[in-house]
Amino acid sequence: MGIQRVTVIGAGQMGSGIAQVAAQAGYRVQLHDLTEEQVEKGLAVISRNLSRQVEKGRFQQLEKEAILSRLDGATDLRKAAGEADIVVEAVVENMAVKADLFRQLDDVCPAHTILASNTSSLPITEIAAVTKRPEQVIGMHFMNPVPVMKLVEVIRGLATSDEVTQTVEALAKEMGKTPVEVNDFPGFVSNRILMPMINEAVYALYEGVAEKEAIDEVMKLGMNHPMGPLTLADFIGLDTCLSIMEILHEGFGDPKYRPCPLLRKYVKAGWLGRKTGRGFYVYE
């Protein structure tokens, strides 16, 4: 199954990153969001990222222009996905929202189109069940920031075909990524391990074990992590961290995945991390 046209749904941080690496790999890319403002913002982020690469000597100006020429934006779903060979969904981490989107995509996309989700924790089998093509639905979980991070978790649902899996893994490699196949469990591998660590760091802060700076320093200097877990939580978004912990808690029914009350409190306060200017740390 050949891929030539890629559609990315969601022009936020993850979606714009996925669109960028797809265009860099030579694919025609449609970046979709609900409003022109969101689409333009996503395209502007890509342009700025590429300009920094030109400044660093990693790209030539002509290469940047060629990449941008392969990118288009759209707010009409049929226009964005009506000729796609693969659609990669990167919208909010909410099952109801994703299920509604996949129903729409199933209607507007050609019969051969692969429907991929960038979900970080939700079950692919459940997403696939709302479509008439569950064998063509798959998880394609990129890491943040997408242009930098090499890993893509490839998650097969119960019905996902071998051909679709092979096509998606080949696409990931074309994008300069390393695909790793995992099974369809809550949180997959990455967030099943990462999020409980972050949650435990929040508990350590909540219980007064140490100040936030000390918790982060211990993990950076003692475990050689590039950033501490509380800084990382702010980078990911505390609302996203909470959502994933809730999915793990519900999916496994194990109290070890219970979200820390302090994490809930910060999310209710609107302190979501870097994107709101305040999380565990304050940002200008």
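Predicted model only: the values in this text are computed from it and were never measured. Along each chain, numbering runs from 1 in the same order as the chain's sequence is written. Thresholds applied to this predicted model are a pLDDT of at least 70 for local features of residues and 80 or more for the giving and counting of side-chain atom pairs; totals over whole chains, interfaces and linings are not thresholded and use all residues. Side-chain metrics rest on all non-hydrogen atoms present in the structure, leaving aside hydrogens and water.

*Asks:* I'm lost on the overall build of the protein chain in this one. Help?
*Replies:* For the protein chain, the count of helices and strands is 12 helices and 8 strands. Throughout, radius of gyration means the C-alpha value; the globule benchmark is 2.2 Å times the number of residues raised to the power 0.38. In terms of C-alpha radius of gyration, the protein chain reaches 19 Å, essentially the compact-globule figure of 19 Å for 284 residues. For the protein chain, the spread of C-alpha atoms along the three principal axes comes to 55 × 45 × 30 Å. Only protein chains enter the area calculation, which uses a 1.4 Å probe; residues under 20% of their type maximum are buried, those over 50% are exposed, and those in between are partly exposed. Across the 284 residues in the protein chain, those meeting the buried criterion constitute 49%. In this description, contact between two residues means that some pair of their heavy atoms is separated by no more than 4.5 Å. Contacts in the protein chain between residues far apart in sequence, at least 24 positions, make up 66% of those at least 6 positions apart. Each accessible area value is a Shrake-Rupley result obtained with a 1.4 Å probe; residue values ignore everything except the protein chains displayed when judging cover. Counting every atom, the protein chain has about 13,700 Å² of accessible surface; 52% of that belongs to carbon and sulfur. Residues counted as positive are Lys and Arg, residues counted as negative are Asp and Glu, and His and the chain ends are not counted. Working definition for charges: the position is that of NZ of Lys, CZ of Arg, CG of Asp or CD of Glu. Counting 30 positive and 37 negative side-chain charges, the protein chain places the centres of these two groups 3 Å from one another. Numbering of helices and strands runs from the N terminus; a helix is a DSSP stretch of H or I covering at least four residues, while a strand is a stretch of E covering at least two.

*Asks:* How should the packing of helix α2 (residues 36-55) against helix α3 (residues 61-69) be read in this particular structure?
*Replies:* A pair of packed helices is captured by two measures, namely the crossing angle of their axes and the spacing between those axes. The N-to-C vectors of α2 and α3 enclose an angle of 160 degrees; their axes lie 9 Å apart at closest approach. With respect to each other, α2 and α3 are oriented roughly antiparallel. Considering only the axes of α2 and α3, their crossing is right-handed. Between α2 and α3, the contacting residues are I46, S47, L50, S51 and V54 on the first element and Q61, K64, I67 and L68 on the second. Comment: axis = line fitted to C-alpha atoms, over the contacting stretch for helices; angle = value between 0 and 180 degrees taken between N-to-C directions. Angle categories: roughly parallel below 35 degrees, roughly antiparallel above 145, roughly perpendicular from 65 to 115, and oblique for all the rest. Each helix crossing is assigned a hand: it is left-handed if the near helix lies turned anticlockwise from the far helix by less than a right angle, otherwise right-handed if that turn is clockwise.

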